[in-house]
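Below, each chain spelled out in residue letters.
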Amino acid sequence: MLNFFRRLFPATTPPGSVAGRLLLVTGLYALSGFYSFSVPFQNAGISLIWLPVGIAFGALLRWGTAMLPAVIAGALIMNLYLGHSPLAVAVLTAGSTLGPWLGCRLLQYYGFDPALQNRRQVLTLMAGAAAGSAVSAITGSMWHAGNGLEIPPLSALLVWWGGDALGAMLTAPVFLTMTRLAIEPLRHQKRELLSLLSVIAITSWAVFFSPFPELHLPFLIISLMIWPAMRFEIAVTATLNLMVVIAATYASSIGSGVFERYTGISLLTRWGFIFILTMISLITTALRKEHQALSYQMHEAYNRLQKLASRLPGLAIQWRIHADQRITVPYASDALPEMFELSYEEVQHDGTRLLARAHPEDFEAGRALLREATRHLTPWQCEIRYFRKDGSERWLYLDGLPEAEEDGSMLWHCFITDITDRKQAESDLMIAACTFESQEAIFVAGPDWRILRINHAFSRITGFTPADLIGEKSPLLEPSAQSEDILPELVQTLAIQHFWHGELWHTRCNGERFPVMITLTALHDHHGRLSHYVGSFTDISKHKGYEAEIRNLAFYDSLTQLPNRRLLTDRLDHLLRQHQRSHAHSAVLFIDLDNFKTLNDTRGHDAGDLLLIEAARRLRESVRDSDTVARLGGDEFVVVLESLSESREEAAQQTDRISEKIRSVLNQPFQFTDFEHHASCSIGVCLFNDQDITVKDLFKRADTAMYEAKTAGKNAVRFFDPAMQAILLVRMLLESNLRVALSQDQFQLYYQVQVNAAGDLLGAEALLRWYHPDRGFISPGEFIPVAEEAGLIIPIGRWVLETACAQLHQWQHDPLTADLTLAVNVSARQFRQSDFVEQVRSMIQQYAFPPDRLKIELTESTVLDDVDTTIRTMQDLRKLGVGFSMDDFGTGYSSLAYLQKLPLTQLKIDQSFVRDLSEDESDATIVRAIISLGVNLGLDVIAEGVETDAQREFLMSHHCNAFQGYLFSRPLPLPEFEKLVRERRTAMLPKL
């Protein structure tokens, strides 16, 4: 039932839903009208309660004026049903449409909210319904008065208006609020809802249909409606209210219950009952929603305050010291767990736990200050050391203000900050004095660069003693020591920025010059005058020797000594800048060695390295000195061809010749010490002379072309074509959408029945479907290959398998479906998972269904790719009771020797053979052979794609007794499939 309402009132608007809504509104209008005619007032043309007007109100308010055709169509049906003349039909239809339309416009003018979340909106809806109903009532009663209606015009007007107004009040709230959001909570309230429905049904019978009308029990119904109003959404309350009113009016129309039939007092009594019941139900629900909204606002306000407090750099906390010395914590911000490693619940009623891990000395000192501050009502400030659970120590600063309370308690408003970093900074200052004597050479000079002090590292590195240098100018300033332009720049930078860092030459005491990495700082006093220079340096003589090696490692591949990606990128950047002055073409060749991984796996990485070195040598010899050969990594090389022809056609021909030369060279055998290796390569080419292109684009295009060469069967050359990029972009988008679909449950399972020769249902095959929110259903043939390549087939397959197991669990509770089997297709990658058997075992245990109801379908390629492993996995699953069917049998290269070893239970004849069975004798011969093979091996045989009686008769005549195809049913979504099962199996039950 919940699924029905979800489909009836979806959260989003799918394509084509407008037409569906028009049909829905027209149908509901007509059905509610037929019921309303069953309780007329003295004349079949005037109803005591006219429910269609509420359908019209709800449709126009919810879906807009696009629903006017449905309202008009419903009104036409009703008036034609009464047999009015064409003119009467036109007038009454216009009145029935104009009233709701004007009422809706009036409600929209006053800002009506269809959600009915407060009393104002409920009362506004009532007023709008009454106003709109007056228009249709005046139109209808005036027409009937002018055409000889026996009822007095005023009485007819009042009855018409009252019936329309009450009808709008009853059905409009149901139509407006029946949404997916309103239905979703019922998942968790099913039991309560069933109990409520049972109580309402019993009470309605007692009030309206029992043989004891003298009990006068309508108040029970009114009281009972408080239950849904307090517990359920307004959609449920309005629906139950409508159901009760329908029961009441029907009981009254047949002379049953507490209402007398068709008298003035009975009419007023019934209207009063309906109005009071509706108002109590909706107003009570609105009051509850207002209360919930107010509670939510208060909660949000508290959360905002809590967030503000949590943004403070510390802990805001209140603690109360009671007269009996108990300590409680009325409030603490979110920083409490981080600072004290305690939850609020742990300290709320026992504040002493806050400082239980404080340093004993600091705790006693702080408590003394607290007593003093309490005595004089002055701020309390102290610093304490606090030990965390891991034993680390933190410094905390407590700052509190006291507030005396009437009961003798003292409420402290405190802010606690972690001052560990500040304490560490203070400690660092003390340590700084010791830092001067570090392993780095340090000197202090005056404003005139005369040395005031040096440390031991300075003496150790330079050989100078303090006596040699103190009072002398620093050797750094000797003109012969530095280049001519560096000293003026150094002095100017220090004067402006007060800091300089770089390389200089220094002199040892023996006159030897050596490079240093030095940092110079200009210090100023509080008047801003230069007071000292401080310099620190290290000897970088060894580092200079490492620079060449570092540069080689940074820009060249250590194995092949070819330029690496970084140097290649620099050269391409330079080449692109050159194209601003030249019209010559250039080309980038992406070269990938085919099957390189196989060599690594079989011969080891040493053999792979030798192949890469030799391939690099051959590539260098195949191109000009002006061209660049680089290695990106692994088995990927790049060749950059420069100074090609200015004509694109000639440049393409030149590039193609060189590419084929490279391919030919790399196809030559590689001679190693103990074996000979034959290799090939796939080459992707990107030709360019556009300076606007980027290096990243060049790489991407050449890589795309290389991928195309791989796809074409390897050992090929492919030039970049923009269509390649478009195809890759589409594939990347589809892969991205697949990941979204997996996370947002966009996949569905459809079920196609499998039957035996007698037409009895055996089970079904679960077929994966993907409904994309924008593209609709996407063919499995389109997205399954992408899922296979992207590795998404494993999580998708697991979802399919688990969903199928869950469905088998559900079917066990229904005798009509308990014996159905369910076949699930499993991909090769999923089946080869090391824990696949454990996955299946876990699902069987979790969903508690007979294992023989599950049948796994495998293709021939999956089964025969690694037969030994496949057989072990299948045997383990067969021990669990799971069955196996070989899918698409006959399309591959089956080995009969292996086939008899496989623990199969079924062979499935591929639909490609069944399709042309009556026209192609070869297909018929293959089908007969497959059936005979299956029968001789003791296997069940099922044919898929059976679409005609002739195909079925042929298969049955050759002892194939199980079928699947459109002849019996197309693949169906679960609700339709279960409906089909129930219809077919119910039809087969013996009639009593």
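Counting starts from 1 at the beginning of each chain's written sequence and moves along it residue by residue. Totals for whole chains, interfaces and linings use all residues, but because this is a predicted model, local features are given only for residues with pLDDT of at least 70 and pairs of side-chain atoms are given and counted only at 80 or more. Water and hydrogen atoms play no part in the side-chain values, which are based on all heavy atoms of the structure.

> Tell me about the packing of helix α9 (residues 190-209) against helix α12 (residues 234-253), and please be specific about residues and values.
Lines are fitted to the C-alpha atoms to define the axes, a helix being fitted only along its stretch in contact, and any angle between axes, read from their N-to-C directions, falls within 0 to 180 degrees. For the purposes of this entry, the term helix denotes a DSSP run of H or I that reaches at least four residues, the term strand denotes a run of E that reaches at least two, and both are numbered from the N terminus. Relative orientation of the contacting elements α9 and α12 amounts to 20 degrees, with a least axis distance of 10 Å. Overall, the two elements α9 and α12 adopt an arrangement that is roughly parallel. As for how α9 packs across α12, the hand of that crossing is right-handed. Residue-level contacts link Leu193, Leu196, Leu197, Ile200, Ser204, Phe208 and Phe209 of α9 to Val236, Leu240, Met243, Val244, Ala247, Ala248, Tyr250 and Ala251 of α12. Any angle that falls under 35 degrees is termed roughly parallel, while one over 145 is termed roughly antiparallel, one within 65 to 115 roughly perpendicular, and all others oblique. Note on convention: near helix rotated counterclockwise from far helix by under a right angle means a left-handed crossing. Clockwise means right-handed. In this description, contact between two residues means that some pair of their heavy atoms is separated by no more than 4.5 Å.

> Any details on the sheet that holds strand β2 (residues 327-332)? Residues and values, ideally.
A pair of strands is labelled paired if DSSP reports no fewer than 2 bridges between them. Read from one edge of the open sheet, 5 strands run β2-β1-β5-β4-β3, paired in antiparallel fashion. Bordering the open sheet on either side are β2 and β3 (380-387), each of which pairs with just one other strand. Strand-to-strand twist of the sheet, defined as the mean angle between neighbouring strand axes without regard to direction, takes the value 30 degrees. The pairing of strand β4 (residues 393-404) with strand β5 (residues 410-418) spans 9 bridges and is antiparallel.

> Break down helix α33 (residues 867-880) for me, citing the residues and quoting the values.
One less than the residue count of a helix, multiplied by 1.5 Å, gives the span that helix is expected to have. Taking 1.5 Å per residue as the helical rise, α33 with its 14 residues ought to reach 20 Å, and the 20 Å between its terminal C-alpha atoms agrees with that figure. When we look at burial in α33, the residues that qualify are Val867, Thr870, Ile871, Thr873, Met874 and Leu877. With its buried residues spanning 165 degrees around the axis, α33 presents them on a single face. Residues Asp868 and Lys879 are exposed on α33 and point more than 90 degrees away from its buried face. Just downstream of α33 lies Gly881, where phi reads positive at about 110 degrees. The rule is simple: take the accessible area with a 1.4 Å probe, protein chains only, and divide by the maximum for that residue type; under 20% is buried, over 50% is exposed, in between is partly exposed. What the arc measures is the spread of directions leading from the helix axis to the C-beta atoms.

> Explain the pattern of salt bridges to me, and be specific about the residues and the numbers.
Salt-bridge detection follows one rule: a side-chain nitrogen of Lys or Arg within 4 Å of a carboxyl oxygen of Asp or Glu. Applying the stated criterion to the full structure yields 39 salt bridges. Across the pair Glu192 and Arg231 runs a salt bridge, and its minimum N-O distance is 2.8 Å. Within this pair, whereas Glu192 is found in helix α9, its partner Arg231 is found in helix α11 (residues 226-231), the two being separated by 39 residues in sequence. Since its relative accessible area comes to 45%, Arg231 is described here as partly exposed. Here Arg841 and Glu838 are joined by a salt bridge, their closest N and O atoms 2.4 Å apart. One end of the pair is Arg841 and the other is Glu838, both in helix α31 (residues 836-847) and 3 residues apart, which spans about a single turn. Judged by relative accessible area, Arg841 falls into the partly exposed class, the value being 26%. Relative accessible area serves as the criterion here: at 46%, Glu838 is assigned to the partly exposed category. Here the salt bridges share partners, and the residues they tie into one network are Glu614, Arg617, Arg618 and Glu621.

> If you had to explain unusual backbone geometry to someone new, which residues and values would you point to?
For Glu341, which is not a glycine, the phi torsion comes out positive at approximately 60 degrees. On the secondary structure map, Glu341 appears in the loop between α14 (336-340) and α15 (344-347). Backbone geometry at Lys714 places phi at a positive 70 degrees, although glycine is not the residue there. Its place among the elements puts Lys714 in the loop between α26 (695-711) and β17 (717-719). Using a relative accessible area of 34% as the deciding quantity, one classes Lys714 as partly exposed.

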